[in-house]
Amino acid sequence: MTVGLSVQKTIELFSDHAIAGAACGFITRLLSQPLDVIKIRFQLQVEPISSCHVSKYKSISQAVLLILREEGSTALWKGHVPAQLISITYGMGQFYSYNVFLKMLQRVPQIEEWRHTTHFVAGAGASCVGTIVSFPFDTMRTRLVAQSSNHQVYNGVLHSCSSIFRQESPRVFFFGLLPTLLQIAPHTGLQFMFYEFFKDLYKKDISDISFCNSMLSGSAAGFIAKTIVYPFDLAKKRLQIQGFKHGRKGFGKFFQCNGLLDCLKVTVKEEGLQGLFKGLVPSQIKAATTTALHFTTYEQVLLLLKMLR
């Protein structure tokens with residue numbers, strides 16, 4: 001009977017983490033989508049992001065105003081439906097598996113001495129699970145965001161899904177998965193590790209105020225982690241639009257490559273080392289705000305679920 005109750009409590013605990021993960025994914029995505037659209041537009045632009053060059057997008061403010069003028073305010077929310085599907089499935093898979101991995105690692109003898117490393121490993125593993133289950137939605141979202149309103153190829157999520165199946169191949173849904181896993185595993189591992197580090201640091205100086213602690217720790221963790229792994233994020237986006245040249249009319253030169261290493265090589269050759277960091281600033285702003293929201297919402301929803309039990 002005791003074993004049965006213990007199993008039931010464990011299942012309830014993990015289900016709480018899954019629900020809280022889905023909720024934080026939904027809320028974070030809802031608030032951060034415009035920054036994501038700007039970041040992707042910068043990442044896919046081959047020409048320099050500079051006011052001194054003939055480029056479509058020259059700065060964050062100029063890009064926002066240009067998109068609003070040419071495509072309307074709804075363009076800043078392009079791909080929002082598949083983005084929400086990504087965030088919900090990813091958040092659910094990530095936080096559920098993170099706590100499963102953490103419980104497994106905590107059974108290892110003397111693991112407490114490697115506390116931050118444990119959070120890194122559990123976070124990295126959890127991100128792989130979340131990424132694989134949500135990746136097809138990510139490919140559809142990138143294509144919806146990448147296409148011009150004046151040269152529209154897809155009319156929505158279902159149309160993009162059926163078109164890729166019919167005209168290309170199911171494999172296309174997983175183009176860019178390798179650089180994504182190479183990026184997301186250390187990125188999320190670093191996020192969880194830095195989050196726990198800053199949270200503990202904050203507790204030493206100030207009495208623990210959960211909400212403020214989560215916001216500050218999450219913001220710092222997101223900023224540092226995103227900066228470290230950014231080139232892989234850029235490569236992922238560029239790989240996801242391969243074979244989509246007809247949908248990129250009006251955005252400048254089309255970026256062509258064959259695989260991850262070739263993508264990085266061609267980017268450096270044509271755009272210099274700084275080309276690997278196109279869109280970094282909006283990405284850092286987004287990472288700092290969304291990671292803070294992500295962890296804070298997750299912990300607040302967990303607290304709410306415990307209160308309701």
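Criteria and cut-off values
Residues numbered from 1 in each chain as written. Predicted model: local features only at pLDDT ≥ 70, side-chain atom pairs only at ≥ 80, totals over all residues. Heavy atoms only, no water. UniProt positions renumbered as here; feature names shortened; annotations may be inferred. Helix = DSSP H or I, 4+ residues; strand = E, 2+ residues; numbered from the N terminus. Buried < 20%, exposed > 50% of the residue type's maximum accessible area, 1.4 Å probe, protein only. Contact = heavy atoms within 4.5 Å. Areas by Shrake-Rupley, 256 points an atom, 1.4 Å probe, with all protein chains shown as cover. Expected span 1.5 Å × (residues − 1). Bend = angle between axes of the 7 residues up to and from the residue. Core = buried A, V, L, I, M, F, W, Y, C linked by side-chain atoms within 4.5 Å.

Looking at an unreviewed UniProt entry, one finds the protein chain named Mitochondrial thiamine pyrophosphate carrier and attributed to Mycetomoellerius zeteki. Per UniProt, the comment on the protein chain under Subcellular location (unreviewed entry) is "Mitochondrion membrane". Under the Function (unreviewed entry) heading, UniProt states for the protein chain: "Mitochondrial transporter mediating uptake of thiamine diphosphate into mitochondria. It is not clear if the antiporter activity is affected by the membrane potential or by the proton electrochemical gradient."

(A) Expanded view of the overall build of the protein chain. If you tally the helices and strands in the protein chain, you get 9 helices and 0 strands. Reading the helices (α) and strands (β) of the protein chain from amino to carboxyl end gives α-α-α-α-α-α-α-α-α. The buried share of the protein chain, reckoned over its 309 residues, is 50%. Once local pairs closer than 6 in sequence are excluded, the contacts in the protein chain between residues at least 24 apart make up 77%. As displayed, the protein chain offers around 14700 Å² of accessible surface, 68% of which is attributable to carbon and sulfur atoms.

(B) Structural view of the environment of I38. In this structure, I38 sits in helix α1 (residues 2-44). C-alpha separation for the pair I38 and L76, spaced 38 residues apart in sequence, amounts to 7.7 Å. Beyond its immediate sequence surroundings of up to four residues, I38 is in contact with A63, V64, I67, L76 and P282.

(C) Structural context of helix α7 (residues 210-240). With 31 residues, α7 extends only 39 Å from end C-alpha to end C-alpha; this falls clearly short of the ideal 45 Å at 1.5 Å per step. Bending of α7 peaks at approximately 65° at the position of V229, with proline P231 no more than four residues after it.

(D) Structural detail: the environment of L68. Relative to the helices and strands, L68 resides in helix α2 (residues 60-71). L68 sits in the partly exposed class, given a relative accessible area of 35%. Excluding anything up to four places from it in sequence, L68 contacts S73 and L76.

(E) Inspection of the nonpolar core at higher detail. Counting 18 residues, the largest nonpolar core has A20, F95, Y98, F192, F295 and Y298 as its most contacted members. Of all the elements in the fold, those that place two or more residues in this core are α1, α3 (80-105), α4 (115-146), α6 (177-205), α7 and α9 (280-308). Ranked by residue count, the leading element in this core is α9, at 5 residues. Ignoring anything within four residues of it in the chain, the contact list for F95 reads H17, G21, C24, F192, H294, F295 and Y298.

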